[in-house]
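Observations on the three-dimensional arrangement
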Amino acid sequence: MFRSLRAATKLLTRSTSTTPSPYPFSNVAILPPPPETAATPSLRKGKGIMQYIHKTLPCPERQALIMRLFSRRHPERLLPGSVVAVTLAHAPTSFSGVLLSVRRRGPDTSFVLRNIVHRTGVEMQFFVNSPHVKEIRVIQRAGGGGGKEGRRMRRAKLFYLRDSPEKMSEISAGVRG
Amino acid sequence: MFKLWSSSPSASIRQFSSTVAKFATPTKDAAPKWTPNSIRTGLIARKRGMTSMYDDNGVRLPVTVLQLENCQVTANVKTVRPDQTEYHAVQVAAADRPLKTTTAQMRGHFKKAGVSPKRIVKEFPVTPDAHVPIGTTLSAIHFVPGQYVDVVAKSIGKGFQGGMKRWNFKGLRASHGVSVSHRSIGSTGGHQDPGRIWPGKKMAGRMGGETTTAQNLRVVRIDTSLGLIFVKGCVPGVDDAHVLVRDAKKRLQSLAKANQAKGLYEKVLPKGVTDLPFPAGTSELAETLPTIIEAPSDRVTSPFTPRE
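Note that the structure is a prediction, hence the values are computed from the model and not measured.

The rules behind the values
- Residues numbered from 1 in each chain as written.
- Chains lettered and ligands numbered in written order.
- Predicted model: local features only at pLDDT ≥ 70, side-chain atom pairs only at ≥ 80, totals over all residues.
- Heavy atoms only, no water.
- Helix = DSSP H or I, 4+ residues; strand = E, 2+ residues; numbered from the N terminus.
- Buried < 20%, exposed > 50% of the residue type's maximum accessible area, 1.4 Å probe, protein only.
- Contact = heavy atoms within 4.5 Å.
- Patch = residues over 30% accessible without salt bridge, like charges linked within 9 Å, V, L, I, M, F, W, Y side chains within 5 Å.
- Areas by Shrake-Rupley, 256 points an atom, 1.4 Å probe, with all protein chains shown as cover.
- Salt bridge = Lys/Arg side-chain N within 4 Å of Asp/Glu carboxyl O.
- Lys, Arg positive; Asp, Glu negative; His and termini not counted.
- Charge placed at Lys NZ, Arg CZ, Asp CG, Glu CD.
- Core = buried A, V, L, I, M, F, W, Y, C linked by side-chain atoms within 4.5 Å.
- Pairing = 2+ DSSP bridges.
- Axes fitted to C-alpha atoms, helices over the stretch in contact; angles between N-to-C directions.
- Buried area = accessible area lost by both parts, 1.4 Å probe.
- Polar contact = N/O pair within 3.5 Å; in protein donor to acceptor, adjacent residues only side chain to side chain.
- Nonpolar A, V, L, I, M, F, W, Y, C, P; charged D, E, K, R; others polar.
- pLDDT = per-residue confidence, 0-100.
- Phe/Tyr/Trp six-rings, centres within 6.5 Å; stacked < 30°, edge-to-face > 60°.

Here we look at the overall build of chain A
- Looking only at helices and strands, one finds five helices and five strands in chain A.
- Counting helices and strands in the order they occur from the N terminus, chain A gives α-α-α-α-β-β-β-β-β-α.
- Out of the 177 residues in chain A, the part that is buried amounts to 32%.
- Here the contacts in chain A between residues at least 6 apart in sequence split such that 48% fall between residues at least 24 apart.

If you want it as structure tokens, here you go:
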């Protein structure tokens, strides 16, 4: 029934429009704008094609976000042990917690936040490229080299925090302070 | 659109494509159009790798990237079998190779077709109306985002493998007295009758390295500037292997034929697809159309909005 209704609305719109569609083989196709970097002959042969796709598939704002927060060498990258707040398009609309790990896989990059909510440990994994992730805000940066930012974590993955709530509260104490 | 054989007058109200407005049978001069009973040619591509994309509902799709490498038509095959039935096919070649590594026989074959020497030459069975002029360069525009394709390739070789991996046998228990045969096949047959093992008994042996088809993969995106086809899901073979891509036999060809015969014209092609380039999507056609085309989600509602 739904599809016949959709077809009926298409009939009504189509009977009034006279402009030829840009893509005649599908009436619901999405036509994203072509990327800025044009196709080079070596890309057409396939040299470096997957790296090119990983770079250009996310939209430019996302690419910049991935570069700034999740690359391996950027000065503003997120270090494990930071406290991060994420705003989502679906429930739960916002979640904050300690960054336990960053899984770097190009467009599939994700990170895990851990928090204690109502006396229950909760971990959430967020995919950076997902359109539901609206905003990633750093509440407290983890130490980069000691001093004001504190000692840096000596691990890339802080899964040991699952067994030591005292270390978790150490990190969260710094937030309120 | 596919109403060439429909005689009901009410069918005229249902047609919604501006490209196929006429009901008259196409004349010889008119461009050939796809019909539910036609079978188009396929393409030869290279599997480049996998990545992920998000559709308009925000659902993550794992996609395989296939790239066309100067895919050209080298011959149109027509064979009359002894029982007078005809076999029609379109021979396609892809992936340029240096002239000096091409044998003299193949050099002559490519020269006759007027194309550069290629590494792989395969043919696709088609209906007689779907022949493509020799020398045509095929493009990613041949497939419409939203349609289903079958991808055929040689699977990754696994070497000599046992019954558990090769045939999904359950093996034997890990403990409780089982001696030295935890992963073995167990019994291979009866006793005195039949007194032998039936031919075709599943046993250990070489696994993989054979031509496999991944069926009914949805095309989610095409990029004609780089010749890329993004299909949802996995495709057999290693990266940079040659794959054959053609319209899905089950979810496109037979569905179209059956629904056309039943009169369900809305279901002839997959949702959102109104027509297919016929006899093939060429590079000339690709120049007139947008470079990047994406398919919308095949779901009606978003899985992220809770249902009441």
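Things to note about a positive patch on the surface
- Together, A:Arg72, A:Arg103, A:Arg105 and A:Lys157 make up a positively charged patch on the protein surface.
- Mapping A:Arg103 onto the fold places it in strand β2 (residues 94-103).

With respect to the nonpolar core
- Judged by nonpolar contacts, the single largest core of 50 residues is most densely connected at B:Leu66 and B:Ile229.
- Residue contributions to this core peak at five residues, all from strand β6 (residues 148-154) of chain B.
- Residues in contact with B:Leu66, not counting those within four places in the same chain, are B:Ala45, B:Arg46, B:Lys47, B:Val151, B:Gly227, B:Leu228, B:Ile229, B:Val231, B:Val235, B:Val243 and B:Val245.
- If you look at the next biggest cluster of nonpolar residues, it comprises 17 residues, including A:Val86, A:Leu88, A:Leu99 and A:Val102.

So, the sheet that holds strand β5 (residues 133-140) of chain A
Residue and element names in this part refer to chain A.
- Across the sheet, five strands lie side by side as β4-β3-β2-β1-β5; this open sheet has antiparallel pairing. Looking at the sheet topology across the chains shown, the edges are occupied by β4 (120-127) and β5. Averaged over all neighbouring strand pairs, the angle between strand axes comes to 40°, with direction disregarded.
- With eight bridges connecting them, strand β3 (residues 110-117) and β4 associate as antiparallel partners. Paired with Val 117 across the bridge in β4 is Thr 120.
- Each of β2, β3 and β5 touches helix α4 (residues 60-70); the most contacted strand, β5, lies at about 25° to it.

Some thoughts on the interface of chain A and chain B
- Taken residue by residue, the interface counts 39 residues in chain A and 51 residues in chain B.
- For the pair chain A and chain B, the summed buried surface comes to about 3500 Å²; carbon and sulfur atoms form 65% of the total.
- The interface formed by chain A and chain B holds one salt bridge in total.
- Here B:Arg60 ties to A:Asp108 by a salt bridge, and the two come within 2.7 Å at their closest N and O atoms.
- Where chain A meets chain B, there are 13 residue pairs in polar contact (both at pLDDT 80 or more).
- Of all the elements in the fold, those that place two or more residues in the side of chain A that touches chain B are α1 (2-16), α2 (41-45) and α3 (49-56) of chain A.
- Broken down by element, the residue count for the side of chain A that touches chain B peaks at six residues, all from α1(A).
- Split by residue class, the side of chain A that touches chain B holds 25 nonpolar, eight polar and six charged.

Here's the deal with the environment of B:Gly177
- Inspection of the secondary structure puts B:Gly177 in the loop between α3 (163-167) and β8 (205-207).
- Taking the C-alpha atoms as reference points, B:Gly177 and B:Ala258, 81 residues apart in sequence, are found 56 Å from one another.

Some points on the confidence of the model for chain A
- Per-residue confidence for chain A averages 85 on the pLDDT scale, and 82% of its residues sit at or above 70.
- With pLDDT under 50 throughout, residues 1-15 of chain A is counted as low confidence; its partners more than four residues away or in other chains account for 15 contacts.

Brief notes about the pairing of strand β4 (residues 86-96) of chain B
All names here are of chain B.
- Where burial is concerned, most of β4 is hidden: eight out of the eleven residues are buried.
- One ladder, built from eight bridges, connects strand β3 (residues 72-80) with β4; its direction is antiparallel. Paired with Asn 76 across the strands is Val 90, a residue of β4.
- Connecting the antiparallel pair β3 and β4 is a turn made up of five residues, with Gln 84 showing a positive phi of about 70°.
- Here seven bridges tie β4 to strand β5 (residues 118-125), and the two strands are oriented antiparallel to one another. Note that in β5 the partner of Gln 91 across the bridge is Glu 123.

Some thoughts on the packing of aromatic side chains
Residues and elements named next belong to chain A.
- In the structure shown here, the tally under the stated rule is four aromatic pairs over all chains.
- Aromatic pair Tyr 23 and Phe 25: ring centres 5.7 Å apart, planes at 70°, arrangement edge-to-face. Phe 25 carries the same exposure label as Tyr 23, and that label is buried.
- Pairing Phe 111 with Phe 126 gives two aromatic rings, centres 5.7 Å apart and planes at 40°, and the pair type is tilted. Of the two residues, Phe 111 sits in strand β3 while Phe 126 sits in strand β4, which places them 15 residues apart along the sequence.

Notes on the pattern of salt bridges
Residues and elements named next belong to chain B.
- Here the structure, examined in full by the defined rule, presents 14 salt bridges over all chains.
- Between Asp 275 and Lys 33 there is a salt bridge, and its shortest N-O distance comes to 3.2 Å. Of this pair, Asp 275 sits in the loop between α4 (249-262) and α5 (283-288) while Lys 33 sits in the loop between α1 (11-14) and β1 (43-54); the two residues are 242 residues apart in sequence, bridging distant segments of the chain.
- According to the relative accessible area criterion, Asp 275 is buried, its value standing at 4%.
- Among the salt bridges present, the one from Glu 86 reaches Lys 78, with a minimum N-O distance of 3.5 Å.
- Judged by relative accessible area, Lys 78 falls into the exposed class, the value being 52%.

Thoughts on the side chain of B:Arg48
- Residue placement: B:Arg48 occurs in strand β1.
- There is a polar contact of 3.0 Å between the side chain of B:Arg48 and the backbone oxygen of A:Lys45.
- Among the polar contacts made by the side chain of B:Arg48, one reaches the side chain of B:Gln67 at a distance of 2.8 Å.
- Other than its neighbours up to four places away in sequence, B:Arg48 contacts A:Lys45, A:Gly46, A:Ile49, A:Met50, B:Val65, B:Gln67, B:Glu69, B:Asp239 and B:Asp240.

Observations regarding the confidence of the model for chain B
Residues and elements named next belong to chain B.
- Residue-level pLDDT values for chain B average 91, and 91% of them are 70 or greater.
- For the stretch residues 1-26, pLDDT sits under 50, and the model shows 49 contacts to residues farther than four places along the chain or on other chains.
- Here the prediction assigns the complex a pTM of 0.86, and the interface score ipTM is 0.84.

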